[in-house]
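Here's the letter readout for the chains.
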Amino acid sequence: MAVRVVEEGGEAPSPEGEPGARRCATGPGILHQKSGSTASMPAQPPKRVITFNQFFGLGNTRFFSKRKVGYARKIVASFWFQSVMGGSLIFALFGGSFWPILDLADQDWNDLRDLLMVIVMTFFGVEIMLLCISSTNYRFSFFFWMDVLGTVSMVFEVSWMLGDIGRNRDTTTANSSNMILLRTTRGAKLGARAARFSKMVKLVTLLHKRQSDQEQKQRQNQPKIISQQLMQVLSAKVAFLTILVVMIIPLFQIGVFPETDFSTKAWVKLLDKEYLMAKEEAVVSNRSHIFQDAVVRFVDFYADKNYFPFEIQGYDEVVPFDGAVLHIPGRSILQLDAPQRAQNIAVIASGLQSDWHVLFDFRDPSRNEELQGLLLIAFVIVVMVMFSFNLNQILDEIVVVPLGRMLGSVREMTRNIWSQVHAMSGSGGGDEDKNAVDGLSETEKLEYIVHRLAKISQAVLKRHAVNAEEMAGLSAEGKGVLDLMQPDAMVVRLEKDPGGWSRPTQEVEVPDLPVAAELIDSWALDVLSLMPQERHVVVGWLVFHSHLGNWLQNAGWLPDAGLFRRFQEVVEAGYMNHSYHNAIHAADVCHTVYRVMAETGAKEWLSSLDAYALLVAALCHDIGHPGVNNAYLVETGHELALRYNDRSPLENMHCSKLFEIVADTNTDVFCRLSQEEYKDVRKVCVATILHTDNANHYQMVKDVNVLYELSSAVCDRQAENPRVRLQQYDDEVLRSADNRMAFLELFLHLADVSNPLKPFNICEAWAVRVLEEFFLQGDLEKKQGIPVGMLNDRVTINQAQSQIGFIEFLVAPLACATVKLLPTLHPLWRNMCTNSEKWRDVWITQSKPDAEEIAKVERRIQRVADSLARPQATQSRRSVQTQ
């Protein structure tokens, strides 16, 4: 919580707006009124922050003394000042339009209008000055700039400044640039007037603050402050949106050819033409009625319009010509009363002589325009006011009122739990602590309660629990006392694995390995190159003689070697001789699970029971696989799909076959487990095997990403040096009980799709096998007339392209999330990226694609490689403390 420190001699405004409040170090953000006592200051020197106002001297008491600030606040808050400013605002928004609506004469009334507008502009300027003096929050704020813009815009309302009062109406012009300038000026005037809407918002805020005394008493201090702050913020947002709409929309009309009536110009051109024809005829006969007839048609044309010509200037009826006099009547026909305001007169120039014009009366259009402008302004204000009040009502219902009830009970809660918290947490402080609590605001009390309740939970957890390390250091008597007080509930073990305390270990003869142990302890072991008996030896070595195997033996979970060998033989016999889903794949997945556990240091954070269960599940995860996928079984209505209701039929069958084998005492590899341990192992085997269904793949990707995001900071720090494990990483990520099953499911599923993560010779060999199995299923689908799977058509599928896509869309998302969570597995990511590039080379060699296709594949491969870009670990972290 930020603490604002005011230097000696400075002043900070309190929430109530009164000057002279000091912020001291007795509590976070606590305000104490100035008194005779001196508040204690923090030990560290206050940090001097130069604000925008201080830079310009606006926060300096030499300019705005306490006395000046007090006077300014009183004036601004007074009823008469608010009334005068409200009336000025109404006149600024609506007053100027009444002159054209009432058709008041220019010479009699324009001076009065200009005077009133100048007075209003002066009032606005005085208001800005007073607000700057009385409130530091106002200076250079949103409302400040809107008030300045609204005040400056008054120059458009004064005729001797930039106003258009007293000038003739211009309906059209031959100069397009002048028309664009005219449109721009009108848009700017409308936008500037819109800035005055912000003042209306302030009136709404003022009305909101003038609540009844009874309602004020019902509200607690903190909710009231929050409500006022929300109202100010929302009012500013409403004003901003309103001004934005009113200012920006007219700008889109700038440069567009204006919507004008060109009939006036056209008629004047016609009159020019008719007058010349009449003059030619009059030369012959001394008189012509051609122009007179044209004027009659001209008047008749505008008879049903709300604007019309009222005078023709020029177009002489008597014209001397070569000693004779020509009579061209017509001008005298049109002699009507002129409008009183110049802005209602449109002057259309003749093309014959510069001083010849036709004058139009636009009183009704001008009056309609002003009325529409008034309605627009009124509508905007009504909508703005209604929207502001509606937002305030909604916030009161969903935030302020519930918050008021909650904070109202905080005081009682604090007093009620204070003594209990003090006693349970064992902290000192006594009366000083209680006094500090009484001095806090409601929100700070809530923070205090949460902090103290955390200590309560710590005390409760530590009060009765003794972990395994503490238990080992106790004497027999101490253990007896604990058992007497609360048997079976006093000890919390670090690991549910009881180690080998009650199970004797066995001597198992180490077999001769078909390959070097170093090769087995690497990602380069090619299980495809091993004979069946050699695979048995390798798997047996993993379980009994590897560094994990020794750990398992010491735990006492393992059966004798002969029983496990019989189990292996029965499991291998349960696999069919398919090209991919066979006993070789099972052994490969088992080895990969072993390598993942070894690379992640599973001995240090995983129970040996879970590790053993996972190795057994890996051996049997595809047992009995028919060589077709779940989609095929469901599509054909296979017995397995019917038995398991279309939900992971293969995986359910694999689990069932595993425990059918275990049910035989001759192959029960869980024979040394207790009933409870057997239940745990069965849960692990079933959950992990079911999660090898690719239907769960993307959900697993999401889950692993969530695990990473929850501890991303510590995972990123661990990635800086993967081989040196951080204690925080162990505690938060690896040892978390909530993550246990997720890691087990991840390990088996990752191993099941790990072929692209191995060296390319292994990756390529398995890719050939899996595609061949897919193609055989595709042949069956074609034969049975059912939809052929996307990767099952041997005619259309390109091996290299399919593997690039398999890596990009299925393997890479899982591998990326896994490596971010478990950085020691990063070599798998490097292998995968290398394999993508090698598959690209195979594809180019076999398919001879063009440069564009190659570029597309290159981009896909690079996008996969870039997906593991890890943000740099945060070098330092700040802790926020409330003193």
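Right above here is the structure, for reference.
In this report, we go over the structure that sits alongside the text. (Residues numbered from 1 in each chain as written. Predicted model: local features only at pLDDT ≥ 70, side-chain atom pairs only at ≥ 80, totals over all residues. Heavy atoms only, no water.)

**Side note on a nonpolar patch on the surface**
Working step 1: A cluster of nonpolar side chains, namely Ile-75, Trp-80, Val-84, Trp-109, Leu-112, Leu-115, Ile-119 and Phe-123, defines an oily patch on the protein surface of about 690 Å² accessible area.
Working step 2: Every element with two or more residues in the nonpolar patch is listed here: helix H3 (79–102) and helix H4 (106–134).
Working step 3: Looking at the nonpolar patch, the element that brings in the most residues is H4, giving five residues.
Working step 4: You can see Ile-119 is positioned in helix H4. (Patch = residues over 30% accessible without salt bridge, like charges linked within 9 Å, V, L, I, M, F, W, Y side chains within 5 Å. Areas by Shrake-Rupley, 256 points an atom, 1.4 Å probe, with all protein chains shown as cover. Salt bridge = Lys/Arg side-chain N within 4 Å of Asp/Glu carboxyl O. Helix = DSSP H or I, 4+ residues; strand = E, 2+ residues; numbered from the N terminus.)

**A short note on unusual backbone geometry**
Working step 1: A positive phi angle, near 65°, is found at Asn-286, a position not held by glycine.
Working step 2: Residue placement: Asn-286 occurs in the loop between helix H10 (263–285) and helix H11 (290–301).
Working step 3: A positive phi angle, close to 45°, is found at Ser-648, a residue other than glycine.
Working step 4: You can call Ser-648 buried: its relative accessible area is 17%. (Buried < 20%, exposed > 50% of the residue type's maximum accessible area, 1.4 Å probe, protein only.)

**A closer look at empty space enclosed by the protein**
Working step 1: The final tally for this structure, using the stated rule, is four cavities of 30 Å³ or more.
Working step 2: Secondary-structure elements contributing two or more residues to the lining of the largest cavity are helix H18 (532–544), helix H20 (561–574) and helix H21 (583–599).
Working step 3: Of the residues contributing to the lining of the largest cavity, the split by class is seven nonpolar, two polar and two charged.
Working step 4: Empty space within the second largest cavity amounts to approximately 50 Å³.
Working step 5: Taken together, Thr-600, Gln-718, Pro-722, Arg-725, Tyr-729, Leu-734, Leu-822, Pro-823 and Thr-824 form the lining of the second largest cavity.
Working step 6: Broken down by class, the residue content of the lining of the second largest cavity amounts to five nonpolar, three polar and one charged. (1 Å grid on protein atoms, 1.4 Å probe; cavity = no way out; pocket = protein on both sides within 12 Å on 5 of 7 lines; lining within 4 Å. Points joined across faces, edges and corners; volume = space filled by probe spheres on them. Nonpolar A, V, L, I, M, F, W, Y, C, P; charged D, E, K, R; others polar.)

**Details of the packing of helix H22 (residues 608–620) against helix H30 (residues 740–752)**
Working step 1: As a packed pair, H22 and H30 sit with axes 10 Å apart at the nearest point and diverge in direction by 30°. On the basis of their axis angle, the class for H22 and H30 is roughly parallel. The handedness of the crossing between H22 and H30 comes out as right-handed. Counting all contacts with H22, which are made through Asp-610, Leu-614, Ala-617 and Ala-618, the residues of H30 involved are Arg-740, Leu-744, Phe-747 and Leu-748.
Working step 2: When grouped by side-chain class, the residues that make up the contact of H22 with H30 number six nonpolar, no polar and two charged. (Axes fitted to C-alpha atoms, helices over the stretch in contact; angles between N-to-C directions. Parallel < 35°, antiparallel > 145°, perpendicular 65-115°, else oblique. Left-handed = near helix turned anticlockwise from the far one by under 90°. Contact = heavy atoms within 4.5 Å.)

**Side note on helix H19 (residues 547–555)**
Working step 1: Those residues of H19 lying buried are Leu-548, Gly-549, Trp-551, Leu-552, Gln-553 and Ala-555.
Working step 2: Residues of H19 that are buried make contact with H18, H21 and H22.
Working step 3: Where H19 ends, the next residue or the one after it, Gly-556, has phi of about 85°, a positive value.

**Description of the sheet that holds strand E3 (residues 308–313)**
Working step 1: Taken in spatial order, the three strands make up an open sheet running E3-E7-E6, and their pairing is antiparallel. The sheet is open, and its two borders are formed by E3 and strand E6 (345–349), each paired with just one other strand. Neighbour-to-neighbour, the strand axes of the sheet open up by a mean angle of 25°, direction not taken into account.
Working step 2: As defined by bridge partners, E6 adjoins strand E7 (residues 357–361) across five bridges and the pair is classed as antiparallel. What sits directly across from Ala-346, in E7, is Phe-360. (Pairing = 2+ DSSP bridges.)

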